[in-house]
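# A look at the structure
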6 protein chains.
Amino acid sequence: MRLERFLVRGAGEPDNGADFKRLATVHTFGDSWPRTDVLDTRARALVSVTIAAALGTLEPLRGQLRIALNNGVTAEEIVEVFIHLEAYAGAARAFDGYRIALQVFAERAQTDGG
Amino acid sequence: MRLERFLVRGAGEPDNGADFKRLATVHTFGDSWPRTDVLDTRARALVSVTIAAALGTLEPLRGQLRIALNNGVTAEEIVEVFIHLEAYAGAARAFDGYRIALQVFAERAQTDGG
Amino acid sequence: MRLERFLVRGAGEPDNGADFKRLATVHTFGDSWPRTDVLDTRARALVSVTIAAALGTLEPLRGQLRIALNNGVTAEEIVEVFIHLEAYAGAARAFDGYRIALQVFAERAQTDGG
Amino acid sequence: MRLERFLVRGAGEPDNGADFKRLATVHTFGDSWPRTDVLDTRARALVSVTIAAALGTLEPLRGQLRIALNNGVTAEEIVEVFIHLEAYAGAARAFDGYRIALQVFAERAQTDGG
Amino acid sequence: MRLERFLVRGAGEPDNGADFKRLATVHTFGDSWPRTDVLDTRARALVSVTIAAALGTLEPLRGQLRIALNNGVTAEEIVEVFIHLEAYAGAARAFDGYRIALQVFAERAQTDGG
Amino acid sequence: MRLERFLVRGAGEPDNGADFKRLATVHTFGDSWPRTDVLDTRARALVSVTIAAALGTLEPLRGQLRIALNNGVTAEEIVEVFIHLEAYAGAARAFDGYRIALQVFAERAQTDGG
């Protein structure tokens, strides 16, 4: 539903906005995620979370955290990624991303608890 | 108006806050933008949007998007910058910035539509 | 109080979340800040603000700004860090962080004024 | 020739190395550069140089500088991009990239002078 | 051997240089890598390669690539990380790091071939 | 001498290259460093080293390390900056910059020892 909302054309968004969304979707979900022979979806999900957290792109990180949890990655594994990230990319970047992880864990707890 | 609001002294902001704003303004609007002989204002606006989007500085990106649209850059051209950015700087950074572009396109549509 | 709130376990946060927080706290407040022989706390606070601002990690920057002001760093000194940052790391990064500094200066003015 | 050399399989490079190169090439030269209706090749070349310089990816920057000069961008225009980059992304990033620009200008001068 | 060489005191390196190396080693190899219950060494190695590549820290990336190959990660898996990185962090960052991967693959091929 | 060499016009460098160097020099050495009332030169030197190391701009970092040592900052203080940087910006960034610091310490030891 969130994805569909994103794909809807925004007010004032020009025609080629659809090209941006299509190309970005093809380059990620089309060209990389389906390559599960060598790296399976769970491993790719961990790598995706790591990239978004290391870059400090917080909203894409939120999306990747949801994708990871939806594909069998556990919250424990995500926390371990942040422990590794804290060591190698530092406490500033790790804390910034962990705030988002806490929000996604909480939304998941609410859904599961309902 | 927005710029004026920024230049107003904030609560608790010390005297040298004015120096920060003055120097930052001189270094950008004073020293670089007026150099229109080789790169005109529209080209500089595209470069400015690209820098802010590549760095992931989202509020400065919002400002640069408004400056660009106010100086004759079209929304289509901005989208093409994001298509190029998606290829070279990746989908995470590009999507993060494109959210801001969608907001600026929408505020522009509202103003123009009014 | 803010720190305590952070250390409380979040909804849906797994057990090893406590390990993340403990390790990140040990690596910073345990292992680096107490080394005051060569760089005292005020110098470390300036370095901390500089790191968070240069990385563009805005919420960690907010925390470092509060720590700095609580440890005798003046608002004037913080502004000078942003003037230096503007020159070396650019106006985009500097303005993005300065917004946070203005918010922290204002919360401080309110507290002091009360 | 340089590109061809890159596309040759390296010692110890596994089979899917060809997929990496193919996808990266398709996403950039296949999907973005040919979109010349709204942003022409010269504008894309300036945007490419800006992205690589803002990210601090020095070898890709070298490649983009060569592409730009080969597509009608002038050395003067490239310098103006660095002047704008110095203001918005700072002197550290700008100087780091400008070293590479000086090397590319020099190799070009040698070729043209021969 | 390489690690030992690093741990030797450099010319002009002050006494607390040993503290820097010790703390950085404890924070990574001491505190994070041994946590193999939830994320095993191979998964941590992929995460480490991803962090170093996403940050663009090329010499640390070289070290992480060697660690990964020494711990059972295959060259194919590393290439898949770069394919995912190319999509999410872009062709500029991915190509910059892939040069280092090619060098490490080649040194490995030479060793294995001997 | 190094600075002078830099300011010499490079082969193929266009006329406005002098403008780039002049503006970058004015924005840093002209506009920020002389502001010694609130932050003295030693404090600015530590901030400069921190910015260049946090950004991962290695050649500018080398220059800032030399400036720092020439202005009374001790090697011990520089190491403490890297200890703080390791905690907040991570081991990957800190190690990458520390290599440069070791090189600068060694060149200094040679000069002093001669």
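Residues numbered from 1 in each chain as written. Chains lettered and ligands numbered in written order. Predicted model: local features only at pLDDT ≥ 70, side-chain atom pairs only at ≥ 80, totals over all residues. Heavy atoms only, no water.

## Comments concerning the overall build of chain A
Looking only at helices and strands, chain A features six helices and zero strands. Of the regular secondary structure in chain A, the N- to C-terminal order runs α-α-α-α-α-α. For chain A, the residues scored as buried account for 56% of the 114 residues in total. For chain A, restricting intrachain contacts to residue pairs at least 6 apart in sequence, the fraction spanning at least 24 positions comes to 56%. Charge-centre separation for chain A: the mean point of 13 positive side chains lies 4 Å from the mean point of 15 negative side chains. (Helix = DSSP H or I, 4+ residues; strand = E, 2+ residues; numbered from the N terminus. Buried < 20%, exposed > 50% of the residue type's maximum accessible area, 1.4 Å probe, protein only. Contact = heavy atoms within 4.5 Å. Lys, Arg positive; Asp, Glu negative; His and termini not counted. Charge placed at Lys NZ, Arg CZ, Asp CG, Glu CD.)

## Thoughts on the relation of the copies chain E and chain A
The operation relating the pair of chain copies consists of a rotation about an axis and a translation along that axis. In screw terms, the move from chain E to chain A is a rotation of 180 degrees and a rise of 0.0 Å along the axis, fitting with an RMSD of 0.0 Å. On the angle and the small slide along the axis, the relation comes out as a two-fold axis. Here 100% of the contact residues of chain E are again contact residues in chain A; the copies associate through an equivalent surface. (Least-squares fit on C-alpha atoms with pLDDT ≥ 70 in both.)

## Things to note about the interface of chain E and chain B
Across the boundary between the two partners, chain E contributes eight residues, which contact eight residues of chain B. Remark: the boundary between chain E and chain B carries six residue pairs in polar contact (both at pLDDT 80 or more). The set of elements that each furnish at least two residues to the side of chain E that touches chain B consists of α5 (75–89) and α6 (91–113) of chain E. Tallying contributions element by element places α5 of chain E first for the side of chain E that touches chain B, with four residues. (Polar contact = N/O pair within 3.5 Å; in protein donor to acceptor, adjacent residues only side chain to side chain.)

## Let's talk about the interface of chain E and chain A
Counting from both sides, the interface comprises 27 residues of chain E and, opposite them, 27 residues of chain A. Buried area between chain E and chain A, both sides added, is near 2600 Å², and the carbon and sulfur share of it is 70%. Scanning the region where chain E abuts chain A turns up four salt bridges. Note that Arg35 of chain E is salt-bridged to Glu80 of chain A, the shortest N-O span being 2.8 Å. Run the count over chain E and chain A and you get 14 residue pairs in polar contact (both at pLDDT 80 or more). Breaking the side of chain E that touches chain A down by element, the ones donating at least two residues are α2 (17–30), α3 (41–55) and α5 of chain E. At ten residues, α5 of chain E tops the list of elements feeding residues into the side of chain E that touches chain A. (Buried area = accessible area lost by both parts, 1.4 Å probe. Salt bridge = Lys/Arg side-chain N within 4 Å of Asp/Glu carboxyl O.)

## Observations concerning the relation of the copies chain E and chain B
For the pair chain E and chain B, the superposition axis carries a translation of 0.0 Å, the fit reaches an RMSD of 0.0 Å, and the rotation angle comes to 180 degrees. When the interface residues of chain E are mapped onto chain B, 100% of them again fall at the interface, so both copies present the same face.

## Things to note about helix α3 (residues 41–55) of chain B
Residue and element names in this part refer to chain B. The end-to-end C-alpha separation of α3 is 21 Å, in line with the 21 Å expected for 15 residues at 1.5 Å each. Most of α3 sits inside the fold, with twelve of its 15 residues counted as buried. Regarding α3, the residues found buried are Arg44, Ala45, Leu46, Val47, Ser48, Val49, Thr50, Ile51, Ala52, Ala53, Ala54 and Leu55. Following α3 by one or two positions, Gly56 adopts a phi angle in the positive range, close to 75 degrees. (Expected span 1.5 Å × (residues − 1).)

## Some thoughts on the nonpolar core
Leu61, Leu65 and Phe82 of chain B together with Leu65 and Phe82 of chain D are the most contacted members of the largest nonpolar core, which totals 77 residues. Look past the residues within four positions of Leu65 of chain D in its chain and what remains in contact with it is Val49, Ile78, Phe82, Ile100, Ala101 and Val104 of chain D. With 76 residues, the next largest nonpolar core counts Ala52, Leu65, Leu69 and Phe82 of chain E among its residues. (Core = buried A, V, L, I, M, F, W, Y, C linked by side-chain atoms within 4.5 Å.)

## Observations regarding the side chain of Arg62 of chain E
Residue and element names in this part refer to chain E. Residue placement: Arg62 occurs in helix α4 (residues 58–70). With a relative accessible area of 14%, Arg62 lands in the buried category. A polar contact is formed between the side chain of Arg62 and the side chain of Glu59, at a distance of 2.9 Å. Discounting residues that sit within four places of it in the chain, Arg62 has contacts with Ile100, Gln103 and Val104.

## Considering the packing of helix α3 (residues 41–55) of chain C against helix α5 (residues 75–89) of chain C
Residue and element names in this part refer to chain C. Relative to each other, α3 and α5 sit at 45 degrees, their axes nearing to 10 Å. Between α3 and α5, the angle falls in the class oblique. With respect to the hand of their crossing, α3 and α5 are arranged in right-handed fashion. Residues Arg42, Leu46, Val49, Thr50, Ala53 and Ala54 of α3 form the contact with α5, whose participating residues are Glu77, Val81, Phe82 and Leu85. Tallied by class, residues from the contact of α3 with α5 come to seven nonpolar, one polar and two charged. (Axes fitted to C-alpha atoms, helices over the stretch in contact; angles between N-to-C directions. Parallel < 35°, antiparallel > 145°, perpendicular 65-115°, else oblique. Left-handed = near helix turned anticlockwise from the far one by under 90°. Nonpolar A, V, L, I, M, F, W, Y, C, P; charged D, E, K, R; others polar.)

## Describing helix α4 (residues 58–70) of chain F
For α4 of chain F, with 13 residues, the first-to-last C-alpha span of 18 Å sits near the 18 Å given by 1.5 Å per residue. Positioned one or two residues after α4 of chain F, Gly72 of chain F has a phi angle of 90 degrees, which is positive.

## Focus: the environment of Thr111 of chain F
All names here are of chain F. Mapped onto the elements of the fold, Thr111 is located in helix α6 (residues 91–113). Of the residues examined, Thr111 reaches a relative accessible area of 59% and is grouped as exposed. Considered as a pair, Thr111 and Thr74 are 37 residues apart in the sequence and their alpha carbons are 15 Å apart. Here the side chain of Thr111 touches Glu107 through a polar contact of 2.8 Å, landing on its backbone oxygen.

## What about the UniProt feature "domain: Carboxymuconolactone decarboxylase-like" (unreviewed entry) in chain A?
Under the UniProt annotation, "domain: Carboxymuconolactone decarboxylase-like" (unreviewed entry) lies at residues 19–101 of chain A. A helix fraction of 80% and a strand fraction of 0% characterise residues 19–101 of chain A, whose end C-alpha atoms lie 30 Å from each other. (UniProt positions renumbered as here; feature names shortened; annotations may be inferred.)

## Points about the pattern of salt bridges
Using the criterion set out here, one finds 60 salt bridges over all chains in the structure. One salt-bridge network, held together by shared partners, links Asp19 and Arg22 of chain A, Glu80 of chain B together with Arg35 and Arg44 of chain D.

## As for the packing of aromatic side chains
For the structure on display, the rule yields 30 aromatic pairs over all chains. Each ring, one from Phe29 of chain A and one from Trp33 of chain A, has its centre 6.0 Å from the other, and the planes form 15 degrees; the classification is stacked. Residue Trp33 of chain A is classed as buried on the basis of its relative accessible area, which comes to 9%. Each residue in the set Phe20 of chain A together with Phe82, Phe95 and Tyr98 of chain B is aromatic and connected to the rest through ring pairs, giving one cluster. (Phe/Tyr/Trp six-rings, centres within 6.5 Å; stacked < 30°, edge-to-face > 60°.)

## A closer look at the domain arrangement of chain A
Looking at the assigned domains, one finds that chain A contains domain 1 (1–32) and domain 2 (39–112). When each unit is reduced to the centre of its C-alpha atoms, the spacing between domain 1 of chain A and domain 2 of chain A is 23 Å. (Domains from an automatic or database assignment.)

## Structural notes on the environment of Ala101 of chain D
All names here are of chain D. Here Ala101 is to be found in helix α6 (residues 91–113). On the accessibility criterion, Ala101 (0% relative accessible area) is buried. Sequence separation between Ala101 and Leu85 is 16 residues; the distance between their C-alpha atoms is 13 Å. Excluding residues within four positions of it along the chain, Ala101 makes contact with Leu65 and Phe82.

## Here's the deal with the side chain of Lys21 of chain F
With respect to the helices and strands, Lys21 of chain F occurs in helix α2 (residues 17–30). A polar side-chain atom of Lys21 of chain F sits 3.0 Å from a polar atom in the side chain of Glu13 of chain F.

## What about the packing of helix α4 (residues 58–70) of chain D against helix α5 (residues 75–89) of chain D?
Residues and elements named next belong to chain D. α5 packs onto α4 with a crossing angle of 140 degrees between their chain directions and a minimal axis gap of 10 Å. Judged by the angle between their axes, α4 and α5 are oblique. Every pair of crossing elements has a handedness; the one defined by α4 and α5 is right-handed. Residues Leu61, Leu65, Ala68 and Leu69 of α4 pack against Ala75, Ile78 and Phe82 of α5. Class assignment for the residues of the contact of α4 with α5 results in seven nonpolar, no polar and no charged.

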